[in-house]
Amino acid sequence: MDMMKLAEEIIAGRRLGREDDLSVLVHCDLKALAQGADQIRRHLLGEKVDLCTIINGRSGHCPEDCKYCAQSVHHATGCAAHDLLEKEVIVQEARQNEEEGVDRFAIVTSGMGFTPADFDQLLAAYQSIRTACHHLKLCGSHGFLTREQFRRLRQAGVSRYHENIETSRRFFPSICTTHTYDDKIRSIRMAQEEGLSVCSGGIIGMGETWEDRLDMAVSLSELGIESIPINALMPISGTPLEALPQLPQEDILRTVAIFRYLNPEANIRLAAGRALIDHDGEAAFAGGASAAITGNMLTTSGSTIQSDRAMLQAMGRRLAAPVPKEK
(Lines give C-alpha, C1' and ligand atoms only; values in the text may rest on other atoms or scores of the structure.)
Protein backbone atom coordinates (compact mmCIF):
# COMPACT_ATOMS: atom_id res chain seq x y z
CA MET A 1 0.00 0.00 0.00
CA ASP A 2 1.14 3.55 -0.78
CA MET A 3 1.48 5.22 2.64
CA MET A 4 1.38 8.75 1.27
CA LYS A 5 -1.82 7.98 -0.63
CA LEU A 6 -3.33 6.57 2.57
CA ALA A 7 -2.21 9.69 4.44
CA GLU A 8 -3.93 11.89 1.85
CA GLU A 9 -7.13 9.87 2.25
CA ILE A 10 -6.99 10.35 6.04
CA ILE A 11 -6.42 14.09 5.61
CA ALA A 12 -9.49 14.12 3.34
CA GLY A 13 -11.60 12.45 6.04
CA ARG A 14 -11.05 8.69 5.92
CA ARG A 15 -10.74 7.04 9.33
CA LEU A 16 -9.23 3.59 9.91
CA GLY A 17 -10.85 1.15 12.31
CA ARG A 18 -11.08 -2.48 13.36
CA GLU A 19 -12.69 -3.42 10.07
CA ASP A 20 -9.55 -2.44 8.15
CA ASP A 21 -6.45 -4.56 7.56
CA LEU A 22 -4.13 -2.67 9.88
CA SER A 23 -1.25 -5.11 9.54
CA VAL A 24 0.05 -3.08 6.60
CA LEU A 25 1.04 -0.36 9.10
CA VAL A 26 3.28 -2.86 10.89
CA HIS A 27 4.99 -4.29 7.81
CA CYS A 28 5.32 -1.29 5.47
CA ASP A 29 8.48 0.74 4.96
CA LEU A 30 9.08 2.80 8.12
CA LYS A 31 10.41 5.86 6.28
CA ALA A 32 7.30 6.05 4.10
CA LEU A 33 5.03 5.48 7.09
CA ALA A 34 6.71 8.27 9.06
CA GLN A 35 6.53 10.69 6.13
CA GLY A 36 2.83 10.04 5.77
CA ALA A 37 2.29 10.45 9.51
CA ASP A 38 4.08 13.79 9.47
CA GLN A 39 1.91 14.91 6.55
CA ILE A 40 -1.22 14.03 8.53
CA ARG A 41 0.10 15.90 11.57
CA ARG A 42 0.97 18.98 9.56
CA HIS A 43 -2.39 19.22 7.82
CA LEU A 44 -4.67 18.40 10.75
CA LEU A 45 -2.79 19.89 13.71
CA GLY A 46 -0.32 22.39 12.26
CA GLU A 47 3.11 23.25 13.59
CA LYS A 48 2.20 23.93 17.24
CA VAL A 49 3.75 21.51 19.76
CA ASP A 50 1.88 21.08 23.03
CA LEU A 51 4.27 20.82 26.00
CA CYS A 52 3.15 19.43 29.33
CA THR A 53 4.99 19.18 32.64
CA ILE A 54 4.07 17.16 35.70
CA ILE A 55 4.76 17.19 39.40
CA ASN A 56 4.82 14.07 41.54
CA GLY A 57 2.27 15.36 44.02
CA ARG A 58 2.06 12.17 46.09
CA SER A 59 4.60 9.37 45.72
CA GLY A 60 4.79 5.69 46.57
CA HIS A 61 2.72 3.37 48.77
CA CYS A 62 0.42 2.45 45.86
CA PRO A 63 -1.64 -0.72 46.53
CA GLU A 64 -1.97 -1.52 42.80
CA ASP A 65 0.31 -4.19 41.33
CA CYS A 66 1.10 -2.71 37.89
CA LYS A 67 4.23 -4.60 36.86
CA TYR A 68 6.01 -1.60 35.33
CA CYS A 69 5.61 0.80 38.26
CA ALA A 70 8.25 1.79 40.79
CA GLN A 71 5.64 3.15 43.20
CA SER A 72 3.77 -0.11 43.87
CA VAL A 73 3.99 -1.58 47.39
CA HIS A 74 4.23 -4.97 45.68
CA HIS A 75 7.71 -4.17 44.31
CA ALA A 76 10.98 -3.49 46.11
CA THR A 77 12.31 -0.56 44.10
CA GLY A 78 13.45 1.83 46.82
CA CYS A 79 11.17 4.50 45.38
CA ALA A 80 11.02 7.62 47.54
CA ALA A 81 7.58 8.08 49.10
CA HIS A 82 5.87 11.22 50.34
CA ASP A 83 2.39 12.42 51.16
CA LEU A 84 0.59 15.13 49.22
CA LEU A 85 2.91 18.08 48.69
CA GLU A 86 2.13 21.41 50.27
CA LYS A 87 0.18 23.79 48.09
CA GLU A 88 2.97 26.37 48.03
CA VAL A 89 5.46 23.84 46.63
CA ILE A 90 3.10 22.84 43.83
CA VAL A 91 2.21 26.43 42.92
CA GLN A 92 5.88 27.45 42.80
CA GLU A 93 6.65 24.60 40.42
CA ALA A 94 3.70 25.50 38.20
CA ARG A 95 4.76 29.13 38.05
CA GLN A 96 8.34 28.20 37.12
CA ASN A 97 7.08 25.96 34.32
CA GLU A 98 4.81 28.69 33.00
CA GLU A 99 7.77 31.06 32.92
CA GLU A 100 9.66 28.55 30.78
CA GLY A 101 6.86 28.37 28.22
CA VAL A 102 4.89 25.16 28.71
CA ASP A 103 1.22 24.77 27.81
CA ARG A 104 0.01 22.43 30.53
CA PHE A 105 0.80 21.46 34.09
CA ALA A 106 -0.40 18.28 35.80
CA ILE A 107 -0.43 17.12 39.39
CA VAL A 108 0.07 13.34 39.51
CA THR A 109 -0.66 11.34 42.65
CA SER A 110 0.03 7.71 43.46
CA GLY A 111 -2.29 5.41 45.35
CA MET A 112 -6.02 4.88 45.36
CA GLY A 113 -8.44 7.53 46.54
CA PHE A 114 -8.24 10.47 48.93
CA THR A 115 -9.49 11.30 52.36
CA PRO A 116 -11.93 14.24 52.22
CA ALA A 117 -9.25 16.47 53.75
CA ASP A 118 -6.61 15.42 51.22
CA PHE A 119 -8.97 15.96 48.29
CA ASP A 120 -9.82 19.43 49.58
CA GLN A 121 -6.08 20.12 49.83
CA LEU A 122 -5.63 18.96 46.22
CA LEU A 123 -8.45 21.22 45.01
CA ALA A 124 -6.94 24.15 46.90
CA ALA A 125 -3.65 23.59 45.05
CA TYR A 126 -5.40 23.66 41.66
CA GLN A 127 -7.32 26.78 42.59
CA SER A 128 -4.13 28.50 43.70
CA ILE A 129 -2.37 27.58 40.44
CA ARG A 130 -5.27 29.03 38.47
CA THR A 131 -4.93 32.28 40.44
CA ALA A 132 -1.13 32.47 40.09
CA CYS A 133 -0.77 31.22 36.49
CA HIS A 134 -2.92 32.78 33.80
CA HIS A 135 -1.54 30.88 30.80
CA LEU A 136 -1.29 27.29 32.03
CA LYS A 137 -3.95 24.71 31.30
CA LEU A 138 -4.41 22.36 34.25
CA CYS A 139 -4.45 18.57 34.10
CA GLY A 140 -4.85 15.93 36.78
CA SER A 141 -3.86 12.29 37.21
CA HIS A 142 -5.35 10.82 40.38
CA GLY A 143 -6.54 7.31 39.59
CA PHE A 144 -10.16 6.27 39.97
CA LEU A 145 -12.37 9.10 41.22
CA THR A 146 -16.08 9.45 41.88
CA ARG A 147 -18.32 11.43 39.58
CA GLU A 148 -18.56 14.17 42.19
CA GLN A 149 -14.77 14.36 42.46
CA PHE A 150 -14.45 14.72 38.68
CA ARG A 151 -17.00 17.52 38.82
CA ARG A 152 -15.16 19.29 41.63
CA LEU A 153 -11.87 19.01 39.75
CA ARG A 154 -13.39 20.73 36.74
CA GLN A 155 -14.87 23.43 38.96
CA ALA A 156 -11.40 23.99 40.46
CA GLY A 157 -9.98 24.74 37.02
CA VAL A 158 -8.81 21.33 35.75
CA SER A 159 -9.63 20.92 32.06
CA ARG A 160 -8.07 17.52 31.28
CA TYR A 161 -7.84 14.23 33.15
CA HIS A 162 -5.16 11.58 32.61
CA GLU A 163 -6.04 7.89 32.71
CA ASN A 164 -3.86 5.56 30.64
CA ILE A 165 -5.40 2.36 29.33
CA GLU A 166 -1.77 1.13 29.21
CA THR A 167 -2.14 -1.58 26.54
CA SER A 168 -4.74 -3.74 24.79
CA ARG A 169 -7.71 -5.31 26.53
CA ARG A 170 -6.19 -8.76 25.83
CA PHE A 171 -2.80 -7.98 27.37
CA PHE A 172 -3.96 -5.84 30.30
CA PRO A 173 -4.37 -8.74 32.80
CA SER A 174 -0.73 -9.64 32.18
CA ILE A 175 0.45 -6.33 33.63
CA CYS A 176 -2.13 -5.60 36.35
CA THR A 177 -4.51 -7.73 38.44
CA THR A 178 -5.72 -5.27 41.10
CA HIS A 179 -7.97 -3.40 38.70
CA THR A 180 -9.32 -4.11 35.23
CA TYR A 181 -9.28 -2.66 31.76
CA ASP A 182 -13.00 -2.00 32.12
CA ASP A 183 -12.30 0.01 35.30
CA LYS A 184 -10.11 2.24 33.14
CA ILE A 185 -12.77 2.64 30.47
CA ARG A 186 -15.44 3.53 33.03
CA SER A 187 -13.18 6.17 34.57
CA ILE A 188 -12.41 7.72 31.18
CA ARG A 189 -16.05 7.90 30.17
CA MET A 190 -17.08 9.36 33.52
CA ALA A 191 -14.45 12.09 33.21
CA GLN A 192 -15.68 12.91 29.71
CA GLU A 193 -19.30 12.99 30.87
CA GLU A 194 -18.28 15.54 33.52
CA GLY A 195 -16.86 17.86 30.88
CA LEU A 196 -13.18 16.95 31.08
CA SER A 197 -10.97 16.29 28.10
CA VAL A 198 -9.03 13.04 28.53
CA CYS A 199 -5.36 12.22 28.10
CA SER A 200 -4.91 8.47 27.71
CA GLY A 201 -2.26 6.29 26.17
CA GLY A 202 0.02 3.56 27.35
CA ILE A 203 3.37 1.86 27.51
CA ILE A 204 5.05 -0.15 24.79
CA GLY A 205 7.81 -2.67 25.38
CA MET A 206 6.11 -4.63 28.18
CA GLY A 207 5.99 -7.88 26.20
CA GLU A 208 2.94 -7.04 24.11
CA THR A 209 2.59 -7.80 20.39
CA TRP A 210 2.11 -5.43 17.50
CA GLU A 211 -1.52 -6.55 17.45
CA ASP A 212 -1.82 -5.30 21.05
CA ARG A 213 -0.40 -1.93 20.05
CA LEU A 214 -2.82 -1.65 17.15
CA ASP A 215 -5.71 -2.59 19.45
CA MET A 216 -4.70 0.09 21.94
CA ALA A 217 -4.52 2.73 19.20
CA VAL A 218 -7.95 1.79 17.85
CA SER A 219 -9.48 1.71 21.34
CA LEU A 220 -8.22 5.24 22.02
CA SER A 221 -9.73 6.39 18.74
CA GLU A 222 -13.08 4.82 19.65
CA LEU A 223 -12.98 6.64 23.01
CA GLY A 224 -12.38 10.00 21.33
CA ILE A 225 -9.15 10.65 23.23
CA GLU A 226 -7.63 14.06 22.51
CA SER A 227 -4.13 13.54 23.95
CA ILE A 228 -2.27 10.22 23.68
CA PRO A 229 0.99 9.80 25.59
CA ILE A 230 3.24 7.06 24.27
CA ASN A 231 5.70 5.71 26.82
CA ALA A 232 8.52 3.32 25.96
CA LEU A 233 9.24 1.09 28.94
CA MET A 234 12.38 1.99 30.86
CA PRO A 235 12.73 -1.17 32.99
CA ILE A 236 13.08 -0.34 36.68
CA SER A 237 15.06 -2.56 39.03
CA GLY A 238 12.79 -4.30 41.51
CA THR A 239 9.75 -4.45 39.23
CA PRO A 240 8.64 -7.69 37.51
CA LEU A 241 9.62 -6.17 34.14
CA GLU A 242 13.17 -5.26 35.19
CA ALA A 243 14.81 -7.83 32.88
CA LEU A 244 12.95 -6.89 29.70
CA PRO A 245 15.13 -5.55 26.87
CA GLN A 246 14.71 -1.93 25.88
CA LEU A 247 12.84 -1.34 22.64
CA PRO A 248 14.79 -0.51 19.49
CA GLN A 249 14.31 3.01 18.21
CA GLU A 250 12.59 1.75 15.07
CA ASP A 251 9.79 0.15 17.09
CA ILE A 252 9.08 3.40 18.93
CA LEU A 253 9.08 5.44 15.73
CA ARG A 254 6.75 2.96 14.02
CA THR A 255 4.39 3.04 17.00
CA VAL A 256 4.25 6.85 16.96
CA ALA A 257 3.49 6.87 13.24
CA ILE A 258 0.83 4.15 13.54
CA PHE A 259 -0.92 6.04 16.32
CA ARG A 260 -0.98 9.14 14.09
CA TYR A 261 -2.66 7.21 11.26
CA LEU A 262 -5.24 5.79 13.66
CA ASN A 263 -5.75 8.98 15.71
CA PRO A 264 -5.17 11.70 13.12
CA GLU A 265 -6.59 14.63 15.10
CA ALA A 266 -5.24 13.74 18.55
CA ASN A 267 -2.05 15.09 20.07
CA ILE A 268 0.38 12.15 19.96
CA ARG A 269 2.53 12.94 22.98
CA LEU A 270 6.05 11.61 23.56
CA ALA A 271 6.48 10.63 27.19
CA ALA A 272 8.88 8.29 29.02
CA GLY A 273 11.57 6.51 27.05
CA ARG A 274 12.57 9.37 24.81
CA ALA A 275 16.22 8.62 25.60
CA LEU A 276 15.80 5.54 23.39
CA ILE A 277 15.34 7.81 20.36
CA ASP A 278 18.24 9.81 18.96
CA HIS A 279 18.35 13.50 19.87
CA ASP A 280 15.56 13.20 22.48
CA GLY A 281 12.96 12.14 19.98
CA GLU A 282 13.62 14.42 17.02
CA ALA A 283 12.73 11.70 14.50
CA ALA A 284 9.43 11.07 16.28
CA PHE A 285 8.48 14.75 15.98
CA ALA A 286 9.24 14.41 12.27
CA GLY A 287 7.10 11.26 12.10
CA GLY A 288 3.75 12.10 13.62
CA ALA A 289 4.32 13.34 17.20
CA SER A 290 2.78 16.71 18.02
CA ALA A 291 3.22 17.00 21.78
CA ALA A 292 5.48 15.95 24.65
CA ILE A 293 5.74 15.60 28.36
CA THR A 294 8.89 17.50 29.24
CA GLY A 295 10.85 18.04 32.43
CA ASN A 296 10.77 15.09 34.83
CA MET A 297 8.87 11.82 34.23
CA LEU A 298 7.81 10.97 37.80
CA THR A 299 10.48 8.47 38.86
CA THR A 300 12.57 8.63 35.67
CA SER A 301 14.24 11.71 34.21
CA GLY A 302 13.13 13.19 30.93
CA SER A 303 14.33 15.97 28.69
CA THR A 304 14.51 19.50 30.01
CA ILE A 305 12.09 22.20 28.93
CA GLN A 306 14.96 24.27 27.57
CA SER A 307 16.45 21.45 25.48
CA ASP A 308 13.05 20.50 24.08
CA ARG A 309 12.27 24.07 23.12
CA ALA A 310 15.64 24.48 21.41
CA MET A 311 15.22 21.27 19.42
CA LEU A 312 11.65 22.02 18.36
CA GLN A 313 12.37 25.61 17.40
CA ALA A 314 15.24 24.37 15.23
CA MET A 315 12.71 22.10 13.51
CA GLY A 316 10.49 25.11 12.78
CA ARG A 317 7.75 24.15 15.19
CA ARG A 318 5.66 26.68 17.14
CA LEU A 319 5.71 26.83 20.94
CA ALA A 320 3.96 28.77 23.67
CA ALA A 321 5.80 31.94 24.61
CA PRO A 322 7.59 32.02 27.97
CA VAL A 323 5.78 34.14 30.58
CA PRO A 324 7.90 36.87 32.18
CA LYS A 325 8.51 36.60 35.90
CA GLU A 326 6.33 38.77 38.05
CA LYS A 327 8.21 41.64 39.69
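Computed from a predicted model, the values in this text were never measured in an experiment.

Engineer: Account for the overall build of the protein, with residues named and values stated.
Structural biologist: Across its full length, the protein holds 11 helices and 11 strands. Taking 327 residues into account, the globule formula puts the C-alpha radius of gyration at 20 Å, and the protein, at 19 Å, falls close to it. If one aligns the C-alpha atoms of the protein with their principal axes, the spans along those axes are about 55 × 45 × 35 Å. Burial status across the protein gives 55% buried among its 327 residues. Looking at the protein as shown, the accessible area adds up to about 13900 Å², and 50% of this sits on carbon and sulfur atoms.

Engineer: Account for the pairing of strand β3 (residues 137-141), naming residues and giving values.
Structural biologist: Within a regular beta strand, the side chains point alternately toward one face of the sheet and then the other, so they alternate between its two faces. Within β3, 4 of the 5 residues are buried, which leaves it mostly tucked inside the rest of the structure. Sheet analysis places strand β2 (residues 104-109) next to β3, joined by 5 bridges and oriented parallel. Note on β3: the bridge partner recorded for Ile107 is Gly140. Handedness of the β2-helix α5 (residues 116-132)-β3 crossover: right-handed. Pairing geometry for β3 and strand β4 (residues 158-162), over 3 bridges, is parallel. When the sheet's bridge partners are listed, Gly140 is paired in β4 with Tyr161.

Engineer: Give a detailed account of the pairing of β4, specifying residues and quantitative values.
Structural biologist: Read as a crossover between parallel neighbours, the route from β3 over helix α6 (residues 147-155) to β4 is right-handed. Relative to strand β5 (residues 197-199), β4 runs parallel, the two sharing 3 bridges. In the sheet register, His162 faces β5, and the bridge partner there is Cys199.

Engineer: Got a sec to walk through the pattern of salt bridges? Specific residues and values, please.
Structural biologist: What the rule picks out here adds up to 28 salt bridges. The salt bridge involving Glu47 is made with Arg317; its shortest N-O contact spans 3.5 Å. Of the two residues, Glu47 sits in the loop between α3 (30-45) and β1 (50-58) while Arg317 sits in the segment after α11 (305-314), which places them 270 residues apart along the sequence. Here Arg317 falls in the buried class, since its relative accessible area comes to 6%. For Arg213, the salt bridge identified is with Glu208, shortest N-O distance 2.7 Å. Accessibility classification places Arg213 together with Glu208 in one group, the buried group. Beyond isolated ion pairs, a larger network of salt bridges with shared partners links Asp38, Arg41, Arg42, Glu47 and Arg317.

Engineer: Residue-level account of the nonpolar core, with values.
Structural biologist: Residues Leu25, Leu33, Ile107, Ile129, Tyr261 and Leu262 are the most contacted members of the largest nonpolar core, which totals 91 residues. If one sorts the elements of this core by residue count, helix α9 (residues 249-262) sits on top with 8 residues. Residues Cys52, Ala106, Ala271 and Ile293 belong to the second largest nonpolar core, which totals 7 residues.

Engineer: Account for helix α1 (residues 3-11), naming residues and giving values.
Structural biologist: Every buried residue belonging to α1 is among Met3, Leu6, Ala7 and Ile10, and all of these are buried. When α1 is viewed along its axis, its buried side chains cluster within an angular range of 105° and face the same direction. Elements that come into contact with the buried residues of α1 comprise α2 (23-27), α3 and α9. One side-chain oxygen at the N-terminal end of α1 lies 3.0 Å from the backbone nitrogen of Met4; it belongs to Asp2. Just downstream of α1, Gly13 is the residue with a positive phi angle, here 125°.

Engineer: Quick rundown of the packing of α5 against α6? Include the residues and the values.
Structural biologist: For the pair α5 and α6, the least separation of the axes is 9 Å and the interaxial angle reads 25°. Here α6 runs roughly parallel to α5, going by the angle between their axes. In contact with Phe119, Asp120, Leu123, Tyr126 and Arg130 of α5, α6 contributes Gln149, Arg152, Leu153 and Gln155.

Engineer: Outline the side chain of Ser197, supporting the account with residue identities and numerical values.
Structural biologist: Among the secondary structure elements, Ser197 is positioned in strand β5. Overall, Ser197 belongs to the buried group, its relative accessible area being 13%. Engagement of the side chain of Ser197 in a polar contact is seen with the side chain of Arg160, the distance being 2.9 Å. Look past the residues within four positions of Ser197 in its chain and what remains in contact with it is Ser159, Arg160, Tyr161 and Glu226.

Engineer: I'd love a proper account of the packing of aromatic side chains, names of residues and values included.
Structural biologist: All told, the structure shown has 3 aromatic pairs when counted by the stated rule. Considering the side-chain rings of Phe150 and Tyr161, the 4.9 Å spacing of their centres and the 90° angle between planes classify their relative orientation as edge-to-face. One end of the pair, Phe150, is in helix α6; the other, Tyr161, is in strand β4, and 11 residues separate them in sequence. Residue Phe150 is classed as buried on the basis of its relative accessible area, which comes to 0%. Stacked on the ring of Phe114, the Lys or Arg Arg58 has its end atom at 4.5 Å from the ring centre. The lysine or arginine in question, Arg213, covers the ring of Trp210, its NZ or CZ lying 4.4 Å from the ring centre.

Engineer: Please provide a residue-by-residue account of the side chain of Ser227, values included.
Structural biologist: Inspection of the secondary structure puts Ser227 in strand β7 (residues 227-232). Polar contacts involving the side chain of Ser227 include one to the side chain of Arg269, which spans 3.0 Å. Discounting residues that sit within four places of it in the chain, Ser227 has contacts with Arg160, Val198, Cys199, Ser200, Asn267 and Arg269.

Cut-offs and rules
Residues numbered from 1 in each chain as written. Predicted model: local features only at pLDDT ≥ 70, side-chain atom pairs only at ≥ 80, totals over all residues. Heavy atoms only, no water. Helix = DSSP H or I, 4+ residues; strand = E, 2+ residues; numbered from the N terminus. Rg over C-alpha atoms; globule rule 2.2 N^0.38 Å. Buried < 20%, exposed > 50% of the residue type's maximum accessible area, 1.4 Å probe, protein only. Areas by Shrake-Rupley, 256 points an atom, 1.4 Å probe, with all protein chains shown as cover. Pairing = 2+ DSSP bridges. Right-handed = clockwise from strand over helix to strand, strands pointing away. Salt bridge = Lys/Arg side-chain N within 4 Å of Asp/Glu carboxyl O. Core = buried A, V, L, I, M, F, W, Y, C linked by side-chain atoms within 4.5 Å. Arc of directions from axis to C-beta. Contact = heavy atoms within 4.5 Å. Polar contact = N/O pair within 3.5 Å; in protein donor to acceptor, adjacent residues only side chain to side chain. Axes fitted to C-alpha atoms, helices over the stretch in contact; angles between N-to-C directions. Parallel < 35°, antiparallel > 145°, perpendicular 65-115°, else oblique. Phe/Tyr/Trp six-rings, centres within 6.5 Å; stacked < 30°, edge-to-face > 60°. Lys NZ or Arg CZ within 6 Å of the ring centre and 35° of its normal.

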